[in-house]
Amino acid sequence: MKRALVVEDDPDIVELIQHYLSVEGFQVESVADGRLALERLRAGGFGLLILDLQLPGLDGLSVCAELRRDTRTSALPIVMLTARGDEADRVVGLEVGADDYVVKPFSPKELVARVRALLRRAERREPEDAPLVASGGLRIDRARHTVEVDGQPVHLTAKEFALLLALVQADGRVLSRQTLLESVWGYSYAEGTRTVDVHVRRLREKIPALAGRLTTVKSLGYRFARRSEP
């Protein structure tokens with residue numbers, strides 16, 4: 001059975017999330033403290049994290065950043081819970097590594113839909129055995145979900161990996177923000193295009209050697225230049 005950890009200090013919200021995720025087949029555990037959450041997650045065994053932004057001990061942004069720095073938890077799917085109106089905090093949450101966010105008060109059905117979409121992308125495996133190789137020293141192993149640049153591993157979240165793969169597989173074509181949102185995230189929502197922009201920025205920061213090939217096409221979207229292009 002899949003295990004999910006809910007890190008939230010409001011017992012009513014915890015109960016609501018536990019109920020809906022249990023129906024989805026998750027074994028749900030919860031903690032109300034950020035530091036305790038890190039201890040539990042580093043022990044392993046969890047396939048999903050629902051993380052509140054405001055927490056006692058250690059806030060959600062700090063927890064997320066710590067998880068992404070640790071190779072044991074760097075690819076853990078993370079959905080962050082944020083308060084309505086805190087757009088700046090939501091953007092920062094994506095920048096430090098959250099895969100998605102849900103704004104309070106939220107619909108439990110929306111949360112479940114976000115989780116389903118996230119896990120479909122995280123768990124998807126391509127049928128081809130051979131890795132996809134691009135110029136510039138980039139190697140993407142679809143079966144193992146790993147990325148290397150000049151032989152050095154690059155730790156990407158599940159969404160960053162899926163986004164990079166989609167851009168490279170486009171073979172030089174421009175992909176609109178909406179297309180990327182629907183193909184990588186599996187759904188669309190009002191603030192989605194900002195989410196795409198944040199994740200592209202993170203890819204450029206994590207793989208600076210390739211940032212020049214990951215270009216913004218004004219008013220259209222993004223493209224990853226083919227190796228034959230200058």
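The rules we used
Residues numbered from 1 in each chain as written. Predicted model: local features only at pLDDT ≥ 70, side-chain atom pairs only at ≥ 80, totals over all residues. Heavy atoms only, no water. Buried < 20%, exposed > 50% of the residue type's maximum accessible area, 1.4 Å probe, protein only. Helix = DSSP H or I, 4+ residues; strand = E, 2+ residues; numbered from the N terminus. Arc of directions from axis to C-beta. Contact = heavy atoms within 4.5 Å. Axes fitted to C-alpha atoms, helices over the stretch in contact; angles between N-to-C directions. Parallel < 35°, antiparallel > 145°, perpendicular 65-115°, else oblique. Left-handed = near helix turned anticlockwise from the far one by under 90°. Nonpolar A, V, L, I, M, F, W, Y, C, P; charged D, E, K, R; others polar. Pairing = 2+ DSSP bridges.

**Concerning helix α2 (residues 34-42)**
Of all the residues in α2, the buried ones are Gly34, Ala37, Leu38 and Leu41. For α2, the arc enclosing every buried residue in end-on projection is 100 degrees, short of the 170-degree limit, so these residues lie on one face. Away from the buried face of α2 by more than 90 degrees, exposed residues Arg35 and Glu39 are located. Elements in contact with the buried residues of α2: β1 (2-7), β2 (26-31), β3 (48-52) and α3 (60-69).

**Points about the packing of α2 against α3**
For any two helices packed against each other, one specifies the inter-axial angle together with the distance between the axes. Between α2 and α3, whose axes approach to 10 Å, the crossing angle comes to 25 degrees. Here α2 is positioned roughly parallel relative to α3, judged by the angle of their axes. In this structure, α2 meets α3 at a crossing whose hand is right-handed. Here Gly34, Leu38, Leu41 and Arg42 of α2 come into contact with α3, specifically with Val63, Glu66 and Leu67. Residue composition of the contact of α2 with α3, by class: 4 nonpolar, 1 polar and 2 charged.

**Let's talk about the sheet that holds strand β5 (residues 100-104)**
Spatially, the 5 strands line up as an open sheet ordered β2-β1-β3-β4-β5, and their pairing is parallel. Either end of the sheet is taken by a strand with one partner, and the two such strands are β2 and β5. Averaged over neighbouring strand pairs, the angle between their axes works out to 20 degrees when direction is ignored. Looking at chain direction, β1 and β3 are connected through 4 bridges and run parallel. In the sheet register, Val7 faces β3, and the bridge partner there is Leu51. Sheet strands in contact with helix α1 (residues 11-23) are β1, β2, β3, β4 (78-83) and β5, and its direction is about 165 degrees off that of β2. Sheet contacts for α3: β3 and β4; angle to β4, the most-contacted strand, approximately 165 degrees.

**Digging into the sheet that holds strand β10 (residues 175-176)**
The 3 strands are arranged β10-β12-β11 in an open sheet whose pairing can be described as antiparallel. Edge positions in the sheet fall to β10 and β11 (214-217), since each has one partner strand and no second. Pairing analysis gives 4 bridges linking β11 to strand β12 (residues 221-224), with the strands arranged antiparallel. If you follow Leu214 over to β12, its bridge partner there is Phe224. Set on the sheet, helix α6 (residues 158-169) makes contact with β10, β11 and β12; between it and β12 the angle comes to about 70 degrees.

Worth remembering: the numbers are spatial, not functional.
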